[in-house]
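Residues per chain are reported as follows:
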Amino acid sequence: MERPEPEAGEVRTETGDVETGDLKTRETGETGETGEAEAGEADRPAAVPSRRRGRTPALIAAAAALGVLAGGCVGYVVQAGRPPTQLPPLSQPVLRQGKGDVPLLSVAEDRQVRTDGDLRELLLPKPRGARDENIGDDGWMDLAEYATWNEHPGAGFRRALQNQLRRVADANWRIGATYSVEIRLVQYHQELAPSARDAVRDQEGWVGSKPDVDSRPVPGAGDGMAFVSRRPRTAPGYLPMYQAEAYASRGDIVMQMWITDTRPVPEKKIMDLAKRQVGRL
């Protein structure tokens with residue numbers, strides 16, 4: 001018996017069963033999935049093999065180390081082959097001692113012996129009949145008290161420290177009701193600079209720049225100068241006061257002197273006191 005021919009869209013299997021469906025569609029679907037997979041594999045980039053790190057830097061470093069080592073060895077060999085250099089002698093040539101006796105200074109001639117002692121003993125003594133006007137009983141002024149006599153105490157305090165102030169001896173007396181004298185001996189250490197000479201120059205430059213002031217050098221006082229004011233100082237509630245002053249240095253000591261009175265101070269008076277005080281130094 002003959003089998004009937006399959007109709008369109010039917011597929012006859014080996015068992016004789018007939019399957020319907022679009023064989024082309026099925027084949028296309030199966031082959032489509034396979035095509036997409038193959039296309040995806042084709043689009044994926046190929047893996048690039050990692051580059052191995054070269055040995056060039058290591059070789060360069062090793063060559064540099066060997067070069068330094070070889071240079072040091074060559075230098076050592078060259079230095080070892082040279083003859084030794086003789087060193088200079090450590091001892092100095094013997095100096096011949098001078099012959100004869102060296103005269104020693106007496107206490108009166110050695111100025112440093114005098115100035116290292118009690119500085120108050122070098123002050124001029126107060127004249128007979130004068131009244132002692134010292135602020136302290138011992139005749140010394142400390143740093144704080146010395147700085148307060150400056151027009152600007154703060155600046156005076158710093159300047160005294162910078163100049164290495166050592167000590168200050170002070171004498172102050174009064175004759176009558178208005179005539180007064182004050183003398184100070186200011187001593188410096190002078191380890192770094194000639195502080196005494198510089199202090200005198202600064203003081204003389206400042207006083208000499210004032211108006212109505214006459215200045216004269218003190219004979220025999222080296223850098224000593226005397227100043228006499230022609231105009232009195234006035235202040236409310238006080239009498240007009242005339243002033244004369246003198247400054248000089250001897251070694252590490254500065255002499256400061258003031259004379260005040262209600263009448264003009266004669267130049268001869270300040271000159272005489274200044275010469276006598278410098279002479280005691």
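Residues numbered from 1 in each chain as written. Predicted model: local features only at pLDDT ≥ 70, side-chain atom pairs only at ≥ 80, totals over all residues. Heavy atoms only, no water.

A. Looking closely at the packing of aromatic side chains. Inspection of the entire model under this criterion finds two aromatic pairs. Ring centres 6.4 Å apart and planes at 55° place the aromatic pair Phe 227 and Tyr 247 in the tilted group. Here Tyr 247 lies in strand β9 (residues 242-250) and Phe 227 lies in strand β8 (residues 225-229), a separation of 20 residues in the sequence. Residue class for Phe 227 comes out buried when judged on its relative accessible area of 4%. Put simply, the rings of Phe 227, Tyr 247 and Trp 258 touch in pairs and so form one group of aromatic residues. (Phe/Tyr/Trp six-rings, centres within 6.5 Å; stacked < 30°, edge-to-face > 60°. Helix = DSSP H or I, 4+ residues; strand = E, 2+ residues; numbered from the N terminus. Buried < 20%, exposed > 50% of the residue type's maximum accessible area, 1.4 Å probe, protein only.)

B. Up close: helix α7 (residues 267-279). Helix length check: α7, at 13 residues, gives a terminal C-alpha distance of 18 Å against a target of 18 Å (1.5 Å per residue), a fit within 8%. Among the residues of α7, those classed as buried are Ile 270, Met 271, Leu 273, Ala 274, Gln 277 and Val 278. Close packing links the buried residues of α7 with β6 (179-188), β7 (213-217), β8, β9 and β10 (253-261). (Expected span 1.5 Å × (residues − 1). Contact = heavy atoms within 4.5 Å.)

C. The layout of surface pockets, seen in detail. Counted as a void, the largest pocket has a volume near 1300 Å³. Lining the largest pocket are 40 residues, with Trp 149, Asn 150, Arg 184, Gln 203 and Trp 258 sitting closest to its centre. Elements represented by at least two residues in the lining of the largest pocket include exactly α4 (143-148), α5 (153-162), β5 (165-175), β6, α6 (195-208), β9 and β10. Looking at side-chain class alone, the lining of the largest pocket contains 17 nonpolar, 12 polar and 11 charged residues. Lys 210, Val 213, Ser 229, Arg 231 and Arg 233 are the residues nearest the centre of the second largest pocket, which is lined by 14 residues in total. Only β8 and β9 provide two or more residues apiece to the lining of the second largest pocket. Here the element with the most residues in the lining of the second largest pocket is β8; it accounts for three residues. Across the lining of the second largest pocket, the residue classes break down as seven nonpolar, two polar and five charged. (1 Å grid on protein atoms, 1.4 Å probe; cavity = no way out; pocket = protein on both sides within 12 Å on 5 of 7 lines; lining within 4 Å. Points joined across faces, edges and corners; volume = space filled by probe spheres on them. Nonpolar A, V, L, I, M, F, W, Y, C, P; charged D, E, K, R; others polar.)

D. Representation of the confidence of the model for the protein in the model. Summary statistics for the protein give a mean pLDDT of 80 and a share of 79% for residues scoring 70 or more. Across the protein, the element-wise mean pLDDT spans from 46 in helix α1 (residues 23-43) up to 96 in β10. Of the regions scoring below 50 in pLDDT, residues 14-39 engages in 13 contacts with residues more than four places distant in sequence or in other chains. (pLDDT = per-residue confidence, 0-100.)

E. View of the nonpolar core. Judged by nonpolar contacts, the single largest core of 30 residues is most densely connected at Leu 185, Met 255 and Ile 270. Only β5, β6, β8, β9, β10 and α7 provide two or more residues apiece to this core. Beyond its immediate chain neighbours, meaning those up to four positions away, Ile 270 contacts Ala 226, Val 228, Ala 244, Glu 245, Ala 246, Met 257 and Ile 259. Grouped together as the second largest cluster of nonpolar side chains are 16 residues, Met 141, Tyr 146, Ala 160 and Ala 199 included. (Core = buried A, V, L, I, M, F, W, Y, C linked by side-chain atoms within 4.5 Å.)

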